[in-house]
Amino acid sequence: MNILIFGKNGQVGFELSKTLLPLGNVKAVGRDECDLNNSENIKKLISDFKPDIIVNSAAYTSVDLAEKEVELAKLVNEIAPKVIANESNRLGALLIHFSTDYVFDGEKENSYNEEDPVNPVNIYGATKLAGENAIKSNCEHYIIIRTSWVVGSYGNNFLKKILKSSRQCDDIKVVNDQYGTPTPTKLLAFSTFQIIQHYILQKKYFPFGVYHLSTTGRTSWYEYACHILNYESYTNKSLTINSDDIIEINSSELVTDARRPRNSVLDSSKIKRTFKLDLPDWKTGINQILDEIHERNLP
């Protein structure tokens, strides 16, 4: 079983590169090995490796910068997935592609399921949605996984930013009116492992399509930051601030180039039911990441 992973240096790709190794001959590539801006590079890589499964975790994820670098965001988030989808379809391979909660406008009061209408409010979300549509139009055997608020011990993310600020600042300002569910990279990688196992065993009846995948529960960025520092206070004595020093602000007070959805909570019941996944509460995942950072003395 040849498995090709795009985006090995990203948060999700880093975990996928380790987790999927027992499933076969895994080749993980980053920008140095294959520039997703170049369609011919993508075609040659896939043609040479002849994967049975392609996992695309690569993306242009700079939400604010995408408002200015529209063409670059489109190349990586829309055009590259289209090329990958075409090549995957030509080989009869399974394509697993990671997408985002930002395909929604955030105006729904409760969690989003896979049947809810999409309506992105920024360029990043629009290009990711275009990538989804390109895959649907050009590939027969695909799984699109929409996830939210990705976080892990590796790479840059909100949790790492809060930890850094807690050692250097006197206070932190965090938005209190945007809601979502932090999703650990290890959960995404292991869930992908289980999905591929399911595909190998039941290829003939495999349930292709779009799925939502996140932990359970709901939180705001403010509550999320408070949980990080409250948990840290038990294990780390070098903090310069605690959760009482986090200042709640409204999103209208935060000036950004790109608008964010107010509600990014995803309903993951479909993927949990279909692939028998265990999806823990978001706090459990965050606690495990914090423990790992301390155990391995990660930056």
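Figured I'd write up the structure that's included with this text. (Residues numbered from 1 in each chain as written. Predicted model: local features only at pLDDT ≥ 70, side-chain atom pairs only at ≥ 80, totals over all residues. Heavy atoms only, no water.)

## Here's the deal with empty space enclosed by the protein
For the structure shown, the criterion picks out 1 cavity of 30 Å³ or more. Quantified by volume, the largest cavity comes out at close to 40 Å³. Lining the largest cavity, in full, are Y102, W149, Q178, Y179, W221, R260, P261, R262 and S264. The residue inventory of the lining of the largest cavity, partitioned by class, reads 5 nonpolar, 2 polar and 2 charged. (1 Å grid on protein atoms, 1.4 Å probe; cavity = no way out; pocket = protein on both sides within 12 Å on 5 of 7 lines; lining within 4 Å. Points joined across faces, edges and corners; volume = space filled by probe spheres on them. Nonpolar A, V, L, I, M, F, W, Y, C, P; charged D, E, K, R; others polar.)

## Topic: the pattern of salt bridges
Counted according to the given criterion, the structure contains 15 salt bridges. The salt bridge involving K43 is made with E40; its shortest N-O contact spans 3.6 Å. Here K43 and its partner E40 are both found in helix 2 (residues 39-49), 3 residues apart, which amounts to about one turn of the helix. The class of K43 is partly exposed, set by a relative accessible area of 33%. Overall, the relative accessible area of 51% leaves E40 in the exposed class. Ionic contacts of the salt-bridge type, sharing partners, join the residues E15, K18, K186, E292 and R296 into one network. (Salt bridge = Lys/Arg side-chain N within 4 Å of Asp/Glu carboxyl O. Helix = DSSP H or I, 4+ residues; strand = E, 2+ residues; numbered from the N terminus. Buried < 20%, exposed > 50% of the residue type's maximum accessible area, 1.4 Å probe, protein only.)

## A short note on the nonpolar core
Residues F6, L36 and I42 are the most contacted members of the largest nonpolar core, which totals 29 residues. Going through the elements one at a time, strand 1 (2-6), helix 2, helix 3 (70-91), helix 4 (123-138) and strand 5 (142-147) are the ones with two or more residues in this core. Among the elements that take part in this core, helix 3 stands out by supplying 6 residues, more than any other. Setting aside residues up to four positions removed in sequence, I42 forms contacts with F6, C34, D35, L36, A80, V83 and I84. By size, the runner-up hydrophobic cluster in this structure holds 28 residues, among which are V55, L94, A189 and Y211. (Core = buried A, V, L, I, M, F, W, Y, C linked by side-chain atoms within 4.5 Å. Contact = heavy atoms within 4.5 Å.)

## Looking at unusual backbone geometry
Phi is positive for W149, which is not a glycine, with a value near 45°. Relative to the elements of secondary structure, W149 occurs in the loop between strand 5 and strand 6 (150-151). Here the phi dihedral of K276 falls at roughly 55°; this positive angle occurs in a residue that is not glycine. Tracing the backbone through its elements, the reader meets K276 in the loop between helix 8 (269-275) and helix 9 (282-295). Here K276 falls in the exposed class, since its relative accessible area comes to 66%.

## Description of a nonpolar patch on the surface
Together, M1, I200 and L201 make up a nonpolar patch on the protein surface, roughly 300 Å² of accessible area in all. With respect to the helices and strands, the residue L201 is situated in helix 6 (residues 185-201). (Patch = residues over 30% accessible without salt bridge, like charges linked within 9 Å, V, L, I, M, F, W, Y side chains within 5 Å. Areas by Shrake-Rupley, 256 points an atom, 1.4 Å probe, with all protein chains shown as cover.)

## Describing the sheet that holds strand 5
A sheet is described by the order of its strands in space; here 6 strands give the open sequence 2-1-3-4-5-10, paired in parallel fashion. Of all the strands in the sheet, just strand 2 (25-29) and strand 10 (209-212) have a single pairing partner and so form its edges. Taking the axes of each pair of neighbouring strands and ignoring which way they run, one obtains an average angle of 15° across the sheet. Strands strand 1, strand 2 and strand 3 (53-56) of the sheet are contacted by helix 2, whose axis makes an angle of about 160° with strand 1. The sheet contacts of helix 3 involve strand 1, strand 3 and strand 4 (94-100), and relative to strand 4 the element is tilted by about 160°. (Pairing = 2+ DSSP bridges. Axes fitted to C-alpha atoms, helices over the stretch in contact; angles between N-to-C directions.)

## Focus: helix 3
In this model, helix 3 (22 residues) spans 31 Å end to end at C-alpha, consistent with the 32 Å of a helix rising 1.5 Å per residue. Most pronounced at I79, the bend in helix 3 amounts to some 30°, and the proline P81 follows within four residues. Those residues of helix 3 not exposed but buried are A73, V76, N77, A80, P81, V83, I84, A85, E87 and S88. Those residues of helix 3 hidden inside the fold are in contact with strand 1, helix 2, strand 3, strand 4 and helix 4. (Expected span 1.5 Å × (residues − 1). Bend = angle between axes of the 7 residues up to and from the residue.)

## Let's talk about the side chain of S17
You can see S17 is positioned in helix 1 (residues 11-19). A polar side-chain atom of S17 sits 2.7 Å from the main-chain carbonyl oxygen of G13. (Polar contact = N/O pair within 3.5 Å; in protein donor to acceptor, adjacent residues only side chain to side chain.)

## Looking at the environment of I79
When you line up the elements, I79 lands in helix 3. Relative accessible area serves as the criterion here: at 28%, I79 is assigned to the partly exposed category. Spatially, the C-alpha atom of I79 lies 37 Å from that of I228, the residues being 149 residues apart in sequence. Residue contacts for I79: discarding those within four places in its chain leaves S39 and K74.

## Observations regarding the packing of helix 3 against helix 4
Across the interface, helix 3 lies against helix 4 with an axial gap of 8 Å and an inter-helix angle of 15°. As the angle between them shows, helix 3 and helix 4 are arranged roughly parallel. Helix 3 and helix 4 meet at a crossing whose hand is right-handed. Note on element contacts: helix 4 touches helix 3 through I123, Y124, T127, K128, A130, G131, A134, I135 and N138, opposite V70, A73, K74, N77, E78, P81, K82, A85, N86 and N89. Among the residues forming the contact of helix 3 with helix 4, the class breakdown is 9 nonpolar, 6 polar and 4 charged. (Parallel < 35°, antiparallel > 145°, perpendicular 65-115°, else oblique. Left-handed = near helix turned anticlockwise from the far one by under 90°.)

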